[in-house]
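Fold and contact review
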Amino acid sequence: MKLLEVRNLKTYFNTSKGQAKAVDGVSFDLDYGQCMGLVGESGCGKSTTALSICRLLPKEGFIEGGEIVLEGVNYTELSEEEMQKHRWEDVSIIFQGAMNAFNPVKKVGWQIAEACILHDNMTKAQAWERAGDLFERVGIARERITQYPHEFSGGMKQRAMIAMALACNPKLIIGDEPTTALDVMIQAQILELLEELRKELNMGMLLITHDLSILSETCDKIAVMYAGKIMEMGTVSDIFQRPAHPYTKKLLACFPNIDSEERKIPDGIAGYPPVLVDPPKGCRFCPRCSLAEELCGREAPEMIQIGEEHFV
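The structure reproduced in this document is the subject of the present report. Remember, it's a predicted structure, so these values are computed and weren't measured experimentally.

Within the protein chain, the regular secondary structure consists of 8 helices and 10 strands. In terms of overall size, the protein chain behaves like a compact globule, its C-alpha atoms giving a radius of gyration of 20 Å where 312 residues would be expected to give roughly 20 Å. Considered along the principal axes of its C-alpha atoms, the protein chain spans approximately 65 × 50 × 40 Å. Each of the 312 residues in the protein chain was classed as buried or not, and the buried ones make up 47%. Expressed as a percentage of contacts within the protein chain between residues at least 6 apart in sequence, the contacts between residues at least 24 apart total 64%. When the accessible surface of the protein chain is summed, it comes to about 15400 Å², and 50% of that surface belongs to carbon and sulfur atoms.

What follows is the structure, given as structure tokens:
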């Protein structure tokens, strides 16, 4: 049995201009202990996919259709009360911007202990002990559990956020831009920590980012999103060495090649992503694609398999 199965997920938002199709027919699987990267430009639906899995959408958002099945339980069929039992225990999320994720007037350790008391029926003493253990696991001194968020650096807050996500031993962790606003050295440490924890605890992990370069040594497979749809999905070697979709190729071309003899700034992708209230009728990348044909503007291409685990 797969750990996570997402089937034809559609998540829409009600806006003043109409319904925005933020996620429009997304499907993927995730095995136990596997890490999948979800990559694409800002606004392509990555974070909305994560919030949909956790059922944490803002009031304007709703799941229009599809299935989210974690360990055989279809989250789209659960009430909010039922879903609360699954958050933290089965799925947890590391939000982007840990700087603002903690309550500034509560001790960091207590914010982790609260989850243990609520979901694992621990006593207050047991929960504090658990918070200390989690701090040590993510590389923070145990005695700092009594400190407040303003006493932590950015990297330490991010580590504390990972400790919070691990509080109830979830089967799946979603990292939504977990290295945002951190310097390169701290980014590397956070990604290394997540990799160690994933292997040690056999957790599934969904790592969301707009930066392809951080996924090459962290993920087993990658899904490339654009305008609410998955354009291409495959193993890391498929995406980096055998990219098939024009959008994937353009994304990869945005990063400088340090092995190339040419020393030039890479080209960006011309144009802008479409407005999702009224997306293009055909391929959503068509208006920005240099290879587009007349057919591309009329018919949306079907996802086909071009390798053992490679879909485009």
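With 6 of 6 residues buried, strand β9 (residues 221–226) is to be regarded as a mostly interior element. By the alternation rule, side chains of β9 split into K221, A223 and M225 and I222, V224 and Y226, which are all buried. As paired elements, strand β3 (residues 35–39) and β9 share 4 bridges and run parallel to each other. Residue pairing for β9: M36 is matched across the bridge by K221. Between β9 and strand β10 (residues 229–235), which pair antiparallel one after the other, the connecting turn spans 2 residues, and A227 there sits at a positive phi close to 50°.

Now for the layout of surface pockets. Taking a probe equal in size to a water molecule and rolling it over the atoms shows the remaining empty space. Considering only enclosed or pocket space, the largest pocket measures out at about 740 Å³ in volume. Lining the largest pocket are 31 residues; nearest its centre among them are M231, H245, A300, P301 and E302. Broken down by secondary-structure element, the contributors of at least two residues to the lining of the largest pocket are β2 (18–30) and β10.

Judged by how many residues are buried, strand β8 (residues 204–209) sits mostly within the fold: 6 of 6 residues are covered. Alternating positions in β8 separate into two faces, G204, L206 and I208 on one and M205, L207 and T209 on the other, with burial throughout. As defined by bridge partners, β3 adjoins β8 across 5 bridges and the pair is classed as parallel. In the sheet register, G37 faces β8, and the bridge partner there is L207. Sheet analysis places strand β7 (residues 172–176) next to β8, joined by 5 bridges and oriented parallel. Each residue of the ladder has a partner; that of I173, found in β8, is M205.

Looking now at the sheet that holds β3. An order of β6-β7-β8-β3-β9-β10 is seen for the 6 strands of this open sheet, with the pairing classed as mixed. Each edge of the sheet is formed by a strand with only one pairing partner; in this case those strands are β6 (91–94) and β10. Averaged over all neighbouring strand pairs, the angle between strand axes comes to 15°, with direction disregarded. Helix-sheet contacts for helix α8 (residues 246–253) involve β9 and β10, and the interaxial angle to β9 is about 100°.

Here a ring pair, both rings aromatic, is described through the centre-centre distance and the interplanar angle of the planes. Applying the stated criterion across every chain, the model contains 6 aromatic pairs. Here Y12 and F62 contribute two aromatic rings whose centre-to-centre distance is 6.2 Å and whose plane-to-plane angle is 80°, an arrangement assigned as edge-to-face. Linking Y12 in strand β1 (residues 4–15) with F62 in strand β4 (residues 61–70), this pair joins segments that are 50 residues apart in sequence. Considering the side-chain rings of Y226 and Y247, the 4.6 Å spacing of their centres and the 50° angle between planes classify their relative orientation as tilted. Of this pair, Y226 sits in strand β9 while Y247 sits in helix α8, and the two are 21 residues apart along the sequence. Across the pair, exposure class does not vary: Y226 and Y247 are buried alike. Through a chain of ring-to-ring contacts, the aromatic side chains of Y226, Y247 and F285 assemble into a single cluster. A cation over a ring is seen here: K124 above W110, with NZ or CZ 5.5 Å from the ring centre. The ring centre of F152 lies 5.1 Å from the NZ or CZ of R144, which sits over that ring.

Conventions and cut-offs
Residues numbered from 1 in each chain as written. Predicted model: local features only at pLDDT ≥ 70, side-chain atom pairs only at ≥ 80, totals over all residues. Heavy atoms only, no water. Helix = DSSP H or I, 4+ residues; strand = E, 2+ residues; numbered from the N terminus. Rg over C-alpha atoms; globule rule 2.2 N^0.38 Å. Buried < 20%, exposed > 50% of the residue type's maximum accessible area, 1.4 Å probe, protein only. Contact = heavy atoms within 4.5 Å. Areas by Shrake-Rupley, 256 points an atom, 1.4 Å probe, with all protein chains shown as cover. Pairing = 2+ DSSP bridges. 1 Å grid on protein atoms, 1.4 Å probe; cavity = no way out; pocket = protein on both sides within 12 Å on 5 of 7 lines; lining within 4 Å. Points joined across faces, edges and corners; volume = space filled by probe spheres on them. Axes fitted to C-alpha atoms, helices over the stretch in contact; angles between N-to-C directions. Phe/Tyr/Trp six-rings, centres within 6.5 Å; stacked < 30°, edge-to-face > 60°. Lys NZ or Arg CZ within 6 Å of the ring centre and 35° of its normal.

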